[in-house]
Amino acid sequence: MDYKVGLLGRIALLAVSIFLLSNFILNGSGVFLISLFIILVLAQFILLVRYSESSFKKVRQFLDNIKQDNYNNVYPVKFDGTDTDDLHIEFNAILAKLQEDQAEKEANYQYFRSVFQHLSIGLITFDEDGKVQIVNTAAKRMLDIQFLSNINEIEKINKELHHAIHNLRTGGSELIKIAHPDGIMQLSVYVIELVLRDTKFKLVSLQNIQSELEEKEMEAWQNLVRVLTHEIMNSIAPISSLAATVKGDIAHKLDIDVPVPSHELEDYFMALETIEKRSEGMINFVSDFRSLAHIPMPKFQTIQLKNLFGQLETLLQHQFENHKILFKTKIEPEELILFGDQNLIEQVMINLIQNAIHAVEESVMRVISLEAFIDESGKIIIEITDSGKGIEEDALSKIFIPFFTTKKKGSGIGLSLSKQIMRRHKGNIQVRSILGQGTTFKLIFNA
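Residues numbered from 1 in each chain as written. Predicted model: local features only at pLDDT ≥ 70, side-chain atom pairs only at ≥ 80, totals over all residues. Heavy atoms only, no water.

Caption draft 1: Spotlight on the pattern of salt bridges. This model, assessed by the stated rule, comprises three salt bridges. Among the ionic pairs, Asp101 bridges to Lys97, the shortest N-O distance being 2.9 Å. Of the two residues, Asp101 and Lys97 are both situated in helix H3 (residues 83-118); the distance of four residues between them amounts to about one turn of the helix. A salt bridge links Glu383 to Arg432, with the nearest nitrogen and oxygen atoms 3.6 Å apart. Of this pair, Glu383 sits in strand E10 (residues 380-386) while Arg432 sits in strand E11 (residues 428-434), placing them 49 residues apart in sequence. Assessed through its relative accessible area of 45%, Arg432 is described here as partly exposed. (Salt bridge = Lys/Arg side-chain N within 4 Å of Asp/Glu carboxyl O. Helix = DSSP H or I, 4+ residues; strand = E, 2+ residues; numbered from the N terminus. Buried < 20%, exposed > 50% of the residue type's maximum accessible area, 1.4 Å probe, protein only.)

Right, here's the structure in full:
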């Protein structure tokens, strides 16, 4: 029977029973008959309530199934055109769609989990309590473990790695050296912080860059040897040639036992003086080379960038005035503080500003700007920008190589020293340049 017809029929039957009960009471019918109809009315009322709730129970059961992700129940369909039958058809259609969506979601999860597991980069995710959700095969292989339940277990493997994972923020990276049965590994550690359903997670990526480092190291050595060979040969060749000439001339005079005229003695003196000067140049060159390998460890302290910028402006004010350079500074926020070695950071910035002064010498508009700010990833950035002629594209990739220089006078170690100092501060130095517009050097500090 259709639900509406059944409900209306029960209401009508209850109404008739109530009417008859009222009539019996008003006419003074017997107690037995009145009691019987009272019981009948109560029974009909209870049955009416149960009947009206039957559909709500099905809806409640349907919602409970959805809440519990139980989509396997099938509601019977008789195809008799009743409201209940229509309701069952809708229920079955919704459950089938949810079941399909669940299967698709599970398939996607398994797909991405499989991709996650087979990546060559090690990946680990863990929550605020350190509980590890996923650790892929590459990470297990790099850490030489079979299972990882809590991120704090990494402390037993390598304390530096454990410290880096906990202290790095989004976008932060660090290079960690760890021992492995296959040999020493250089791991590049990169961290991203995530929030999922109000729960904080960290995604840590581990990449073994030992082979890349070795390749780059070999390339750096080759470049260094090439530069050293060039510089040394440029100095040694004329010294050797001049010394051989003087030696041969003196040997000839000794063989024939002829006195040396005063003008020839002056020539010998000039030759020896030239050899001395070139030898001093070689000593200075070697001294510069040694300075690259003996950079002191930073003595970290808080640096008020406002004070640092003021000191630099005072120190270089005379040069700015002589070269008619407009020097501009900007710090945002004004109270920005940097944690580092002030002497070393000053050395880097003085070197970069001196380079900027040389770069704008031939420019009509001579502007050098110094700017400090915090970028979107929380890193402290210092930029030194000049309005000079810019740097050739070929030279951009070489300017940090020791002894490479684009200036007529220069040792070519300033930028190499600056890069090493920034490395000691766990930071980096980058450059961008546009010919005819100027150059910007960017100092990046991981706050």
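Caption draft 2: Broad picture of unusual backbone geometry. Pro333 follows Glu332 through a cis peptide bond whose omega is 0 degrees. Relative to the assigned elements, Pro333 resides in the loop between strand E7 (326-332) and strand E8 (337-340). The phi dihedral of Asp144 falls on the positive side, at around 55 degrees, and the residue is not glycine. One can find Asp144 in the loop between helix H4 (137-143) and helix H5 (159-167). The residue Lys324 is not glycine, and still its phi comes out positive at about 55 degrees. Relative to the helices and strands, Lys324 resides in the loop between helix H8 (305-322) and E7.

Caption draft 3: Inspection of the nonpolar core at higher detail. Core analysis: the largest hydrophobic core is formed by 38 residues, its most contacted members being Leu305, Met349, Ile353, Leu370, Ile382 and Leu443. Broken down by secondary-structure element, the contributors of at least two residues to this core are H8, E7, helix H9 (342-359), strand E9 (367-374), E10, helix H11 (414-424) and strand E12 (438-445). When residues no more than four places from it in sequence are discounted, the contact partners of Leu443 are Val348, Met349, Leu352, Ile380, Ile381, Ile382, Ile384, Met422, Asn428 and Ile429. Counting residues in hydrophobic clusters, the runner-up holds 23 residues, among them Leu143, Ile151, Leu168 and Val204. (Core = buried A, V, L, I, M, F, W, Y, C linked by side-chain atoms within 4.5 Å. Contact = heavy atoms within 4.5 Å.)

Caption draft 4: How the structure looks around the pairing of E8. By the alternation rule, side chains of E8 split into Leu338 and Gly340, which are all buried, and Ile337 and Phe339, of which none is buried. The pairing of strand E6 (residues 301-304) with E8 spans four bridges and is antiparallel. Paired with Ile303 across the two strands is Leu338, which belongs to E8. (Pairing = 2+ DSSP bridges.)

Caption draft 5: Molecular detail of H11. Where H11 is concerned, the buried positions are Leu415, Ser416, Leu417, Ser418, Ile421 and Met422. Just beyond H11, the residue with positive phi is Lys426, at close to 60 degrees.

Caption draft 6: Representation of the packing of aromatic side chains within the structure. Enumeration according to the criterion identifies two aromatic pairs in this entry. Note on Phe300 and Phe339: the rings are 5.6 Å apart at their centroids and 25 degrees apart in plane angle, and the pair reads as stacked. Of this pair, Phe300 sits in the loop between helix H7 (262-292) and E6 while Phe339 sits in strand E8, placing them 39 residues apart in sequence. By relative accessible area, which is 40% here, Phe300 ends up partly exposed. Between Phe320 and Phe327 the ring centres are 4.6 Å apart and the planes differ by 15 degrees, which places this aromatic pair in the stacked class. (Phe/Tyr/Trp six-rings, centres within 6.5 Å; stacked < 30°, edge-to-face > 60°.)

Caption draft 7: Representation of the sheet that holds E11 in the model. Sheet architecture is open: five strands sit in the order E7-E9-E10-E12-E11, paired in mixed fashion. Each edge of the sheet is formed by a strand with only one pairing partner; in this case those strands are E7 and E11. Going from strand to strand, the sheet's axes swing by 15 degrees on average, the running direction of each strand aside. When E7 meets E9, the two strands line up parallel, connected through seven bridges. (Axes fitted to C-alpha atoms, helices over the stretch in contact; angles between N-to-C directions.)

Caption draft 8: View of a nonpolar patch on the surface. Together, Tyr111, Phe112, Val115 and Leu119 make up an exposed nonpolar region whose accessible area comes to about 400 Å². Relative to the elements of secondary structure, Leu119 occurs in the loop between H3 and strand E1 (122-127). (Patch = residues over 30% accessible without salt bridge, like charges linked within 9 Å, V, L, I, M, F, W, Y side chains within 5 Å. Areas by Shrake-Rupley, 256 points an atom, 1.4 Å probe, with all protein chains shown as cover.)

Caption draft 9: Examining H9 more closely. In a regular helix each residue adds 1.5 Å, so 18 residues correspond to 26 Å; H9 covers 25 Å between its end C-alpha atoms and thus fits that length. Within the span of H9, buried status applies to Gln342, Leu344, Ile345, Glu346, Val348, Met349, Asn351, Leu352, Ile353, Asn355, Ala356 and Ile357. Its side-chain oxygen placed 3.1 Å from the backbone nitrogen of Asn343, Asp341 serves as the N-cap of H9. (Expected span 1.5 Å × (residues − 1). Polar contact = N/O pair within 3.5 Å; in protein donor to acceptor, adjacent residues only side chain to side chain.)

Caption draft 10: Main features of the sheet that holds strand E5 (residues 199-208). Spatially, the five strands line up as an open sheet ordered E2-E1-E5-E4-E3, and their pairing is antiparallel. Edge strands, defined here as strands with exactly one partner in the open sheet, are strand E2 (132-135) and strand E3 (173-178). When the angles between neighbouring strand axes are averaged without regard to direction, this sheet yields 25 degrees. The sheet contacts of H5 involve E1, E3, strand E4 (185-196) and E5, and relative to E5 the element is tilted by about 135 degrees.

Caption draft 11: Structural context of the packing of H8 against H9. One can describe the packing of H8 onto H9 by two numbers: an axis separation of 11 Å at closest approach and a directional angle of 35 degrees. Here H8 and H9 pass one another in a crossing that is right-handed. Residues Leu308, Phe309, Gln311, Leu312, Leu315, Leu316, Gln319 and Phe320 of H8 form the contact with H9, whose participating residues are Gln342, Ile345, Glu346, Met349, Ile350, Ile353, Gln354 and Ile357. (Left-handed = near helix turned anticlockwise from the far one by under 90°.)

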